[in-house]
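# Structural overview
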Amino acid sequence: MPPILHSLPYFVAAWIFCCGLYGLVTSRHLIHSVICLAILQSSTYVLLLAIGYRTGGAAPVFADIAPGTLTVDPVVQALMLTDVVVEAVVVALLLAMVVKAYEKSGSVSPSDLRTMRG
Amino acid sequence: MTDRLRLGIFLIAGPVFLGLYCYAVLNLPPWGQYRGPYGDMIARLAVYERHATDTVNAINYDYRGFDTLGEEFILFTAAIGVTMLLRREKDVPTAAVGKVADRPPLSEAVRAALSPALLITVIFGFYIGLHGQLTPGGGFQGGVILATASVLVYLADNTEVFKRITSHVAVEVVEAAGASSYALIGVMPILIGLPLLTNILPLGTTGDVFSAGNIALISACVGVEVTAAFLLVIYTYLEEIVTGEIPEE
């Protein structure tokens, strides 16, 4: 395996993170911002799973494999599950805020938000 | 801050971040060479200690049960937040102009496909939700699948049926009951002098649906809570679409 492949998943995570961040920075629409934030957060899934991966490891579910089989790390998978749930509800909450921001200011551009008071 | 300035800051800070990140990654163990002790330890112990074959859920609902309690309340709070943000003030009259049509045109094929699709979704949701301790799944996943059943009703039928199913008060009560039952299960061991969230229920036979003690019960409670929370969010958003005003161009 060439050396770059040793860390390829980590760079994939960084790439997804930067895509999301670039989208957030250049966003001109609040819903676009929320989706970019979701993309940004999904980089953590790749990073977490990459950290826990082990070459040749089975899934950490012992329903059909013998106990003691070499598996990937279940701890990071549990953390990722938490991550997914939190992302889903954060997106739901942010979209509700977008609806309210649009009702109050009549605009969905993030640059118009700074004129809001209270 | 202008868009140009913001982009400029990003173009400077981004490469700096990437450089530091690359430096960090090159010092990590190579991909596929996981070394941490905790994952291996839990993978070895979960089946013996908790009779749970899905170690991920053994971590979520038992070893890290306290974190998941917090996570569940994040979900609870966010669902309440969405409802509060999008609530309709009853006194404020809403303009009738530009209302979205309540009744989309329906084909007979969609109507006929509804019942089998509903049946499969509900059965699959219960299967995933109740087998969390054995195979990948559990309360969070099962709850989301069950909540999508209501969206099927919305897609294939009119909003009246959807509203009757997701009656607001009942869903709120069920959500609160699901969230609090997790906390109650956690507090129960304290009453008999054990630490919070100790697995006190009988562990059963490994591989059985009624096994793994608290893990199965907590997973089911979380399933109830997640179903209700997502029903609440879906209902609130669809109500926003149905009764929300669309400004005239």
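Please read all numbers here as calculations on a predicted model, not as lab measurements. (Residues numbered from 1 in each chain as written. Chains lettered and ligands numbered in written order. Predicted model: local features only at pLDDT ≥ 70, side-chain atom pairs only at ≥ 80, totals over all residues.)

Turning our eyes to something else, we now look at the overall build of chain B. In terms of helices and strands, chain B carries nine helices and zero strands. Traced from its N-terminal end to its C-terminal end, chain B shows the element sequence α-α-α-α-α-α-α-α-α. (Helix = DSSP H or I, 4+ residues; strand = E, 2+ residues; numbered from the N terminus.)

The helix and strand tally for chain A stands at three helices and zero strands. Along chain A, from the amino end to the carboxyl end, the secondary structure elements read α-α-α. For a compact globule of 118 residues, the expected C-alpha radius of gyration is about 13 Å, and chain A comes in at 19 Å, more than 25% above that figure. Along the longest, intermediate and shortest principal axes, the C-alpha atoms of chain A span 60 × 35 × 20 Å. Residue burial in chain A is summarised as follows: out of 118 residues, 27% are buried. (Rg over C-alpha atoms; globule rule 2.2 N^0.38 Å. Buried ≥ 20, exposed ≤ 12 C-beta atoms within 10 Å, placed from the backbone.)

All right, on to the confidence of the model for chain A then. For chain A, mean pLDDT is 84; residues scoring 70 or higher make up 92% of the total. Within chain A, the element-level pLDDT minimum falls on helix α3 (residues 74-105) of chain A, averaging 87, and the maximum on helix α2 (residues 30-52) of chain A, averaging 91. (pLDDT = per-residue confidence, 0-100.)

As a further point, take the nonpolar core. Formed by 64 residues in total, the largest nonpolar core has its most connected members in Ala79 and Ala229 of chain B. Considering each element in turn, this core owes the most residues, 16 residues, to helix α9 (residues 214-243) of chain B. (Core = buried A, V, L, I, M, F, W, Y, C linked by C-beta atoms within 7 Å.)

Facing 42 residues of chain A, the contacting portion of chain B comprises 45 residues. Mapped by element, the contributors of at least two residues to the side of chain A that touches chain B are α1 (8-25), α2 and α3 of chain A. Among the residues forming the side of chain A that touches chain B, the class breakdown is 29 nonpolar, 10 polar and three charged. (Contact = placed C-beta atoms within 7 Å. Nonpolar A, V, L, I, M, F, W, Y, C, P; charged D, E, K, R; others polar.)

Residue and element names in this part refer to chain A. Residue placement: Val46 occurs in helix α2. Between the alpha carbons of Val46 and Ile16 there is a distance of 8.9 Å; along the sequence they are 30 residues apart. Setting aside its immediate chain neighbours within four residues, Val46 contacts Pro9, Val12, Ala13 and Ile16.

This part covers α2 of chain A. The end-to-end C-alpha distance of α2 of chain A is 34 Å, a good match for the 33 Å that 23 residues give at a rise of 1.5 Å each. Of the positions making up α2 of chain A, those classed as buried are Leu30, Ser33, Cys36, Leu47, Leu48, Ala50, Ile51 and Gly52 of chain A. Buried-residue contacts for α2 of chain A involve α1 and α3 of chain A together with α2 (37-50) of chain B. (Expected span 1.5 Å × (residues − 1).)

Attention shifts here to the packing of α3 of chain A against helix α4 (residues 65-85) of chain B. Describing two packed helices takes the angle between their axes plus the distance from one axis to the other. Contact pair α3 of chain A / α4 of chain B: the axes reach a minimum separation of 9 Å and the direction vectors enclose 15°. If you check the angle between α3 of chain A and α4 of chain B, you find them roughly parallel. Considering only the axes of α3 of chain A and α4 of chain B, their crossing is left-handed. For the pair α3 of chain A and α4 of chain B, the contacting residues are Thr82, Val85, Val86, Val89, Val90, Ala92, Leu93, Ala96, Met97 and Lys100 of chain A in the first and Asp67, Glu71, Ile74, Leu75, Ala78, Ala79, Gly81, Val82 and Leu85 of chain B in the second. (Axes fitted to C-alpha atoms, helices over the stretch in contact; angles between N-to-C directions. Parallel < 35°, antiparallel > 145°, perpendicular 65-115°, else oblique. Left-handed = near helix turned anticlockwise from the far one by under 90°.)

Residue and element names in this part refer to chain B. The terminal C-alpha atoms of α2, which comprises 14 residues, lie 19 Å apart, in line with the 20 Å expected from a rise of 1.5 Å per residue. At Arg44, α2 shows its strongest bend, of approximately 35°. Taken together, the buried positions of α2 are Gly39, Ile42, Ala43, Ala46, Val47 and Arg50. (Bend = angle between axes of the 7 residues up to and from the residue.)

Once that is clear, we can look at the environment of Leu49 of chain A. Residue and element names in this part refer to chain A. Tracing the sequence through the fold places Leu49 in helix α2. In sequence terms Leu49 and Tyr10 are 39 residues apart; their C-alpha atoms lie 9.8 Å from each other. Excluding anything up to four places from it in sequence, Leu49 contacts Val76 and Met80.

All names here are of chain B. Mapped onto the elements of the fold, Ala52 is located in the loop between α2 and α3 (55-63). Residues Ala52 and Glu175, spaced 123 residues apart in sequence, show a C-alpha to C-alpha distance of 26 Å. Not counting residues up to four positions away in its chain, the partners in contact with Ala52 are Ala46, Val47, Asn57, Ala58, Gln133, Ala212 and Ile215.

Bringing the confidence of the model for chain B into the picture now. Where the model shows low pLDDT, its predicted coordinates should not be examined in detail. Of all residues in chain B, 87% have pLDDT values of 70 or greater, and the mean over the chain is 80. Both scores are available for the predicted complex, with the pTM at 0.82 and the ipTM at 0.83.

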